[in-house]
Amino acid sequence: DNNTIGEMFKKLELYFDVTILTENKQLLDYRYSGKFRIDDGVEQVLKTLQLNTEFQYEKPNDNNSLIVIK
């Protein structure tokens, strides 16, 4: 409900036991409303957010506990 993407990333970190590093700090102020299902997984949530906001993400060295947002 009108949360910033920064707030959403913090929740994703908790729900999926990952660390999300954001290189583009401007992204953190974008606001969204909506619901996601935990069963969809963190990558599906990120792909959905990419539909409205231009960013890329990667998992360096196939590290499943680290996601870098660019």
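Before any of the text, the structure's been laid out above.
To start, this report covers the structure provided alongside it. Given the structure is predicted, the values throughout are model-derived calculations rather than measurements.

A few points about the pattern of salt bridges
Part 1 of the reasoning: All told, the structure shown has three salt bridges when counted by the stated rule.
Part 2 of the reasoning: We note a salt bridge from Arg-37 to Asp-40, for which the minimum N-O separation is 3.0 Å.
Part 3 of the reasoning: Of the residues examined, Asp-40 reaches a relative accessible area of 33% and is grouped as partly exposed.
Part 4 of the reasoning: Across the pair Lys-70 and Glu-58 runs a salt bridge whose closest N-O atoms are separated by 3.5 Å. In this pair, Lys-70 sits in the segment after strand 5 (66-69) while Glu-58 sits in strand 4 (residues 57-58), placing the two residues 12 residues apart along the sequence.
Part 5 of the reasoning: The exposure class of Lys-70 is partly exposed, given its relative accessible area of 40%.

A look at a nonpolar patch on the surface
Part 1 of the reasoning: Together, Leu-14, Tyr-15 and Ile-38 make up a nonpolar patch on the protein surface, roughly 370 Å² of accessible area in all.
Part 2 of the reasoning: Mapped onto the fold, Ile-38 is located in the loop between strand 3 (31-32) and helix 2 (42-50).

A look at the sheet that holds strand 4
Two pairing modes exist for strands in a sheet, parallel and antiparallel, and in both the strands are linked by backbone hydrogen bonds.
Part 1 of the reasoning: Taken together, the three strands give an open sheet; going across it, the order is 2-5-4, and neighbouring strands pair in mixed fashion. Both outer strands of the open sheet, strand 2 (19-22) and strand 4, are each paired with one neighbouring strand and no more.
Part 2 of the reasoning: With four bridges joining them, strand 2 and strand 5 adopt parallel strand pairing. Paired with Leu-21 across the strands is Val-68, a residue of strand 5.
Part 3 of the reasoning: Packed onto the sheet, helix 1 (residues 5-16) meets strand 2 and strand 5 and runs at close to 155 degrees relative to strand 2.

Cut-offs and rules
Residues numbered from 1 in each chain as written. Predicted model: local features only at pLDDT ≥ 70, side-chain atom pairs only at ≥ 80, totals over all residues. Heavy atoms only, no water. Salt bridge = Lys/Arg side-chain N within 4 Å of Asp/Glu carboxyl O. Buried < 20%, exposed > 50% of the residue type's maximum accessible area, 1.4 Å probe, protein only. Helix = DSSP H or I, 4+ residues; strand = E, 2+ residues; numbered from the N terminus. Patch = residues over 30% accessible without salt bridge, like charges linked within 9 Å, V, L, I, M, F, W, Y side chains within 5 Å. Areas by Shrake-Rupley, 256 points an atom, 1.4 Å probe, with all protein chains shown as cover. Pairing = 2+ DSSP bridges. Contact = heavy atoms within 4.5 Å. Axes fitted to C-alpha atoms, helices over the stretch in contact; angles between N-to-C directions.

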